[in-house]
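# Inside the fold
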Amino acid sequence: MISEHEQKIAAVIIVAIIIIAAVAAVFYYEDSKSNETSPLTGEWKLADEHGVDSEGNFMSHNETAETAVISISSVKDDLFYGKYLNEEIAGAYIDGHVFFQATVDREKVNFEGHLNDGVLSLTYAHGTDKNTCIHYSIFTSNGKYEDKNKYADLKDLDLSISSGYICSISGAEEFIGDMKQGIKITSHEEGAFIGVMDQVVGDDNVPLEIRGIIYPDTNTLCRFIDENGHVWEMSLKDNVAIVNNIMISDVGINEDELSAIERIYVKNNSSISASLNLDKLAGDWYADSTHTLSADGKTSEETVFHSLSFINIYNSIAAGTSSHNGENGSIVAYHFTDPDTGNQMIKVVSQYGDELITGYGWLSSDGNVFNLIEIHTDDKGKQTAEHSTFSKNTNNDKILGDWKVAYAKGSSQGTELKEYSRAGTPHLSTYDLTIDKSQLSLISGTYRHMDITGTLLGNLITIEIRDEGSSELLKGFLLETDVLVLYSTAFKTVENVDSIATWCMVYTRSGGPVDYSMTYDEVPVLENKWLLANGESYNGTSHNLSGSSFEIIMQDGNWISCKMEQTVGSEVVNKTVIGFIFDAGGLTAGTMIDENGNYWYINVSDSALLMHSAMQSELAEIKGQPVAVERVYTLDGKAVELPQTPSLENTSWDTATMYSILNNGKIIVADGDFEMKIESQKGSLLAGTENVGDVPSKFAACMFENGYGITIEKLQDSAGVFAHGSVYDKMMIFTCTISFGDFSMTSILYLEEEI
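Residues numbered from 1 in each chain as written. Predicted model: local features only at pLDDT ≥ 70, side-chain atom pairs only at ≥ 80, totals over all residues. Heavy atoms only, no water.

### Quick notes on the overall build of the chain
Regarding its fold elements, the chain presents 2 helices and 54 strands. Along the first, second and third principal axes, the C-alpha atoms of the chain reach 100 × 55 × 50 Å. Put simply, the chain has 755 residues, and 56% of those count as buried. Sequence-distant contacts, at least 24 apart, represent 53% of the contacts inside the chain between residues at least 6 apart. Accessible area of the chain: about 31,900 Å², with a carbon and sulfur share of 45%. Measuring between centres, the 48 positive side-chain charges of the chain sit 2 Å from its 111 negative side-chain charges. (Helix = DSSP H or I, 4+ residues; strand = E, 2+ residues; numbered from the N terminus. Buried < 20%, exposed > 50% of the residue type's maximum accessible area, 1.4 Å probe, protein only. Contact = heavy atoms within 4.5 Å. Areas by Shrake-Rupley, 256 points an atom, 1.4 Å probe, with all protein chains shown as cover. Lys, Arg positive; Asp, Glu negative; His and termini not counted. Charge placed at Lys NZ, Arg CZ, Asp CG, Glu CD.)

### Focus: empty space enclosed by the protein
All told, the structure shown has 7 cavities of 30 Å³ or more when counted by the stated rule. As for the second largest cavity, its lining consists of Ser-537, Leu-545, Gln-566, Thr-567, Trp-600, Met-615, Ser-617, Glu-618, Leu-619, Val-627, Val-629 and Arg-631. When residues of the lining of the second largest cavity are traced back to their parent elements, those giving at least two are strand E40 (559-568) and strand E45 (626-634). It is E45 that provides the largest number of residues to the lining of the second largest cavity, a total of 3 residues. (1 Å grid on protein atoms, 1.4 Å probe; cavity = no way out; pocket = protein on both sides within 12 Å on 5 of 7 lines; lining within 4 Å. Points joined across faces, edges and corners; volume = space filled by probe spheres on them.)

### Thoughts on the environment of Gly-688
Counting through the fold element by element, Gly-688 comes out in strand E49 (residues 685-692). When its relative accessible area of 2% is taken as the criterion, Gly-688 is described as buried. As for Gly-688 and Ala-700, which are separated by 12 residues in sequence, their C-alpha atoms are 6.6 Å apart. Sequence-distant contacts of Gly-688, that is, excluding residues within four places in its chain, are made with Lys-677, Ile-678, Glu-679, Ser-697, Lys-698 and Phe-699.

### Re the environment of Ile-622
With respect to the secondary-structure elements, Ile-622 resides in the loop between strand E44 (608-616) and E45. Of the residues examined, Ile-622 reaches a relative accessible area of 7% and is grouped as buried.

### Here we look at unusual backbone geometry
Positive phi outside glycine occurs at Glu-190, with the angle close to 50°. Taking the relative accessible area as the measure of exposure, Glu-190 reaches 53% and is therefore exposed. The phi dihedral of Ser-441 is positive, around 65°, even though this residue is not glycine. Within the fold, Ser-441 resides in the loop between strand E30 (433-439) and strand E31 (442-447). Residue classification places Ser-441 among the buried residues on the basis of a relative accessible area of 9%.

### With respect to the packing of aromatic side chains
What describes a pair of aromatic rings is the distance from one ring centre to the other and the angle between the planes of the rings. Inspection of the entire model under this criterion finds 21 aromatic pairs. Judged by centre distance (6.2 Å) and plane angle (80°), the ring pair of Tyr-136 and Tyr-215 falls under edge-to-face. Here Tyr-136 is found in strand E9 (residues 131-140), whereas its partner Tyr-215 is found in the loop between strand E14 (204-214) and strand E15 (221-226), with 79 residues between them in sequence. By relative accessible area, which is 4% here, Tyr-136 ends up buried. Note on Tyr-215: relative accessible area 7%, which makes it buried. Through pairs of rings, three or more aromatic residues link up here, namely Phe-80, Tyr-84, Phe-100, Phe-111 and Tyr-124. The ring of Trp-403 has Arg-509 sitting right over it, with the charged end atom 3.8 Å from the ring centre. Here the basic side chain of Lys-714 rests over the ring of Phe-734, its NZ or CZ set 4.9 Å away from the ring centre. (Phe/Tyr/Trp six-rings, centres within 6.5 Å; stacked < 30°, edge-to-face > 60°. Lys NZ or Arg CZ within 6 Å of the ring centre and 35° of its normal.)

### A closer look at the side chain of Ser-747
Along the chain, Ser-747 turns up in strand E54 (residues 743-753). Owing to a relative accessible area of 4%, Ser-747 belongs among the buried residues under this scheme. In this structure the side chain of Ser-747 is engaged in a polar contact, spanning 2.6 Å, whose partner is the side chain of Ser-660. With residues up to four places along the chain from it excluded, the contact list for Ser-747 reads Met-658, Tyr-659, Ser-660, Phe-734, Thr-735 and Cys-736. (Polar contact = N/O pair within 3.5 Å; in protein donor to acceptor, adjacent residues only side chain to side chain.)

### Quick word on the pattern of salt bridges
Opposite charge on two side chains permits pairing when their charged atoms draw close. The full count for this structure, using the stated rule, is 16 salt bridges. Across the pair Arg-223 and Glu-233 runs a salt bridge, and its minimum N-O distance is 2.7 Å. Placement of the pair is Arg-223 in strand E15 and Glu-233 in strand E16 (residues 231-237), with a sequence separation of 10 residues. Comparing Arg-223 with Glu-233, the two get one shared label, buried. With its nearest N and O atoms 3.4 Å apart, the salt bridge here joins Lys-730 to Glu-753. Of this pair, Lys-730 sits in the loop between strand E52 (722-728) and strand E53 (731-740) while Glu-753 sits in strand E54, placing them 23 residues apart in sequence. (Salt bridge = Lys/Arg side-chain N within 4 Å of Asp/Glu carboxyl O.)

### Quick notes on the state of the cysteines
According to the stated counting rule, one finds 0 disulfides in the structure shown. Free of any disulfide, Cys-702 has its nearest neighbouring cysteine sulfur in Cys-736, separated by 16 Å. (Disulfide = S-S within 2.5 Å.)

### A look at the pairing of E49
Counting buried residues along E49, 6 of its 8 residues qualify, which places the element largely inside the surrounding structure. As defined by bridge partners, strand E48 (residues 674-682) adjoins E49 across 8 bridges and the pair is classed as antiparallel. Note that in E49 the partner of Gln-681 across the bridge is Leu-686. Both E49 and strand E50 (residues 695-705) contribute to a ladder of 8 bridges, which runs antiparallel. From the neighbouring strand, Asn-691 faces E50, where its bridge partner is Pro-696. Between the end of E49 and the start of E50, which pair antiparallel, lie 2 residues, with Gly-693 showing a positive phi angle near 70°. (Pairing = 2+ DSSP bridges.)

### Notes on the confidence of the model for the chain
Averaged over all residues, the pLDDT of the chain is 87; the fraction at 70 or higher stands at 92%. Per-residue pLDDT stays below 50 along residues 1-30; that stretch engages in 75 contacts with residues further than four places along the chain or on separate chains. (pLDDT = per-residue confidence, 0-100.)

### Section: the side chain of Thr-220
With respect to the secondary-structure elements, Thr-220 resides in the loop between E14 and E15. Given a relative accessible area of 7%, Thr-220 falls into the buried group. When near neighbours in sequence (up to four residues on either side) are disregarded, Thr-220 contacts Ala-152, Leu-154, Ile-214, Met-234, Ser-235 and Leu-236.

### Some details on a negative patch on the surface
Together, Glu-146, Asp-147, Glu-189, Glu-190, Asp-217 and Asp-340 make up a region of like negative charge exposed at the surface. Looking at the secondary structure, you find Asp-217 in the loop between E14 and E15. (Patch = residues over 30% accessible without salt bridge, like charges linked within 9 Å, V, L, I, M, F, W, Y side chains within 5 Å.)

### Here we look at the pairing of strand E37 (residues 529-538)
As defined by bridge partners, E37 adjoins strand E39 (residues 549-556) across 3 bridges and the pair is classed as antiparallel. The partner of Leu-531 across the bridge, within E39, is Ser-549. Where E37 meets E45, 7 bridges bridge the pair, whose relative direction is antiparallel. Residue pairing across strands places Leu-532 opposite Tyr-633, the latter belonging to E45. The sheet contact formed by E37 and strand E38 (residues 542-544) spans 3 bridges and is antiparallel. The residue of E38 that forms the bridge with Ser-537 is His-543. Connecting the antiparallel pair E37 and E38 is a turn made up of 3 residues, with Gly-540 showing a positive phi of about 110°.

### Description of the environment of Ala-620
Along the polypeptide, Ala-620 turns up in the loop between E44 and E45. Along the backbone, Ala-620 and Val-568 are 52 residues apart, and their C-alpha atoms lie at a distance of 7.3 Å. Not counting chain neighbours up to four residues away, the residues in contact with Ala-620 comprise Gly-569 and Ser-570.

Shown next as structure tokens:
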């Protein structure tokens, strides 16, 4: 029998809320300890440096020059706080790696380096419009240092481009142009160099001057800045150079988007071995914990929601979406090797509006934990270093692959309930399911030999298939025991004959038997006849509904077959309505379908049975118009007080972000293209206007309790698009699927109320 825990999961399959099930994992690292024991605490004076200055000259440390001072006052766990040239700075110190941001020549600059044996070494680069410079600076507590490092000789290095890719939220695209491009070192002095890097700009091959530094005692890692101010990391080995950068792209599908770039250069057609990649970064990540360090040395634990989703990956670069403190943005990353320790790290940049947030991250050895340190700056210019530990959403992996029907139980046209097993009914294999892609709560795959799309919200799965003359709604849940249960509610018209069917299908990986019950003791046996207390159809104007009875003809566990009196045209008819009900937070609720293909949402509590639908009206005077319908039944037909729903009249809603998945598995991220205005409301029924781009459309929607909150069902006029969602204070979340022919697309929209 199904466990009590699994029954509770099953009970909420109609709830349209996102459940994030991030499993905590432990990742051990050597932290910076506290003020008392950290070697970073104290004052650091500039002792030596090399690089290239803004005039293109090689630089060396002048002991008579004004000494730059870094003062670290607070160190706790893996974060620190201090000052650089009297500017307050926040940063990170982990396993010897040091990272912070400071202002240089009125530009926010990233400092990165190491503390080792009392020597703090930092690199930084800044400038633009050919006025660029790069530094490798050594700091010690007394300002004295004797350089014993060895630097590779890059003199006369001349490489030609082999491949080039750009990656953003829109995808990864090859872009190197048809012209010969390369990297050439023209001059070199100790740990610094000057050279030329060719890039294609429009139809021209443009040589850009680069100024760089070589990390000491490496084989061979470099950092350089081009004349436009873009900073690149270069890993050189066996005459092959992998060069990475993050910038706003000006080419291809990534144009005007934050993008990560990988360019590979070779000498004399050298062969390229398999490069390190970021495949383990793919997927959805949710923060288990976040902590920050304030200027007074206090560590705070954050409770804000922080998520990352990497959806496009090519070799050493990745891109996706991020959410932090209620803001949605894009994120890109590239892989690089820590020049001092050889550790594999990930450079990360997130974009929220016009703000760019720089961070450094690393993966645990099993790839299930991602640590990320970012430097955030508030509107007063005050910095905060933030360390978040993320766990991978393992539900994505659990749902992927082939699922085979083990059992099916249900009925067509509300007649006799039938049950089949795979062993006795081979044709059940027709209903097998394959999920190829799962990310950002979206899924794609195949079902009944069709390409399908849908949603996976926590453990709850929804797949909607709508085509001319047919529709099928699959709602279900993924159990921890590697069992998938789907409830199908379907409508089909063949040669002008309509048919409806409801089936519960239990899937396993093998299709073999599983100890699972399709009925639930906690679902009550409903009274057999209910009388209409109130019924109305709403499209901005109320229309009273006829049809006095709702009769439950058969009930088997959580499956019910009913007769509902409804008005079609100008006549009252008795329709068959079939579906499944569940216990959801103490409320009996479920999904049903009538013989004309209209979906109904039922809930029963406090001696009242409520039916809601968003549908195309069947009343003669408004036939075909989108309407929201509410039918209230009681045992004696007397009116009762209904549950309160939010007051949404005269509110407007804009898209915060929208995620979509195509049936080929491609994920699209968009924003700002959808607006919704709720113009009128009658109780739980709504009407208004939507704008997709510049195309307006009328809609009708109904709200009802699901036992855990308020669900909203909506039908759009022009394209006949159904959307299923939830209302959360100043936010709405909708999912919808568009299907026609061989194409399907499912979207999740996050809407914010205009203030």
